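Reading the structure
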Amino acid sequence: MEKRVVNKKLVARLMDTKGIEMISVTSQNVIAQVSAKFTPKMADDLVRELGHEKDAKAASKAGDNYIVFSRF
């Protein structure tokens, strides 16, 4: 595990990840919408790689899947 990635570095790493369809940034969170082909194992690996094991959350709404990361 490497140091926890936040803010601009987090967004840059998500932009380089295959399977991420959209990235949204709010005042508290970075939300990544993932494709239907993005498996739970891939999500777990991504969260672990970015150092967000304790605060990342998975969500699903209207058939779309999301991973919510804390900005800080």
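Right above here is the structure, for reference.
Thresholds, definitions, all that
Chains are numbered independently. Their residues run from 1 in the order of the written sequence. Local features in this predicted model are restricted to residues whose pLDDT is 70 or higher, and side-chain atom pairs enter the listing and the counts only when it is 80 or higher, whereas totals over whole chains, interfaces and linings include all residues. Note: side-chain values were computed over all heavy atoms of the structure, leaving out hydrogens and water. Each salt bridge in this description consists of a side-chain nitrogen of Lys or Arg and a carboxyl oxygen of Asp or Glu lying within 4 Å of one another. Elements are defined by DSSP. Helices are runs of H or I of four residues or more, strands are runs of E of two residues or more, and each kind is numbered from the N terminus. Exposure categories follow from relative accessible area, calculated using a 1.4 Å probe and restricted to protein chains: below 20% of the type maximum is buried, above 50% is exposed, and the middle band is partly exposed. A pair of strands counts as paired when DSSP detects no fewer than two bridges linking them. Only C-alpha atoms enter the line fits that serve as axes; for helices the fit covers just the stretch in contact. Angles between N-to-C directions range over 0 to 180 degrees. Definition used in this section: a nonpolar core is a set of buried Ala, Val, Leu, Ile, Met, Phe, Trp, Tyr and Cys residues joined via side-chain atoms within 4.5 Å. Whether two residues are in contact is decided by their heavy atoms, any of which lying within 4.5 Å being enough.

Moving on, we come to the pattern of salt bridges. Scanning the entire structure with this criterion turns up four salt bridges. One salt bridge in this structure joins Asp55 and Arg4, with 2.6 Å as the shortest N-O distance. Residue Asp55 is located in the loop between helix H2 (40-50) and strand E3 (57-61), and its partner Arg4 is located in the segment before helix H1 (7-15); the two are separated by 51 residues in the primary sequence. Residues Arg48 and Asp45 are paired through a salt bridge, measuring 3.2 Å at the closest nitrogen-oxygen approach. Within this pair, Arg48 and its partner Asp45 are both found in helix H2, separated by three residues, close to a single helical turn. Residue Asp45 is classed as partly exposed on the basis of its relative accessible area of 32%. Here the salt bridges share partners, and the residues they tie into one network are Lys41, Asp45 and Arg48.

Below, the discussion takes up the sheet that holds strand E2 (residues 29-34). Taken together, four strands build an open sheet; the order of strands is E1-E2-E4-E3 and the sheet is antiparallel. Unpaired on one side and paired on the other, strand E1 (20-25) and E3 mark the two borders of the sheet. Direction aside, the axes of adjacent strands within the sheet are offset by 25° on average. Two strands pair when backbone bridges link them, and E1 and E2 are joined in this way by five bridges, in the antiparallel orientation. Residue Ile20 lies in a different strand from E2, and its bridge partner there is Val34.

Of note in this structure, Asn7 is not a glycine but carries a positive phi near 50°. Among the secondary structure elements, Asn7 is positioned in helix H1. Asn7 sits in the partly exposed class, given a relative accessible area of 27%. Non-glycine residue Ala62 carries a positive phi angle of around 55°.

As a rule of thumb, nonpolar side chains are buried together in soluble globular proteins. Within the largest apolar cluster, 15 residues are counted, with the highest numbers of intra-cluster contacts made by Leu10, Leu14, Leu46, Leu50, Ile67 and Phe69. Those elements that provide at least two residues to this core are H1, E2, H2 and strand E4 (64-70). Per-element tally for this core: the top contributor is H2, with four residues. Dropping the residues within four chain positions of it, Leu46 is found in contact with Leu14, Thr17, Ile20, Phe38, Ile67 and Phe69.

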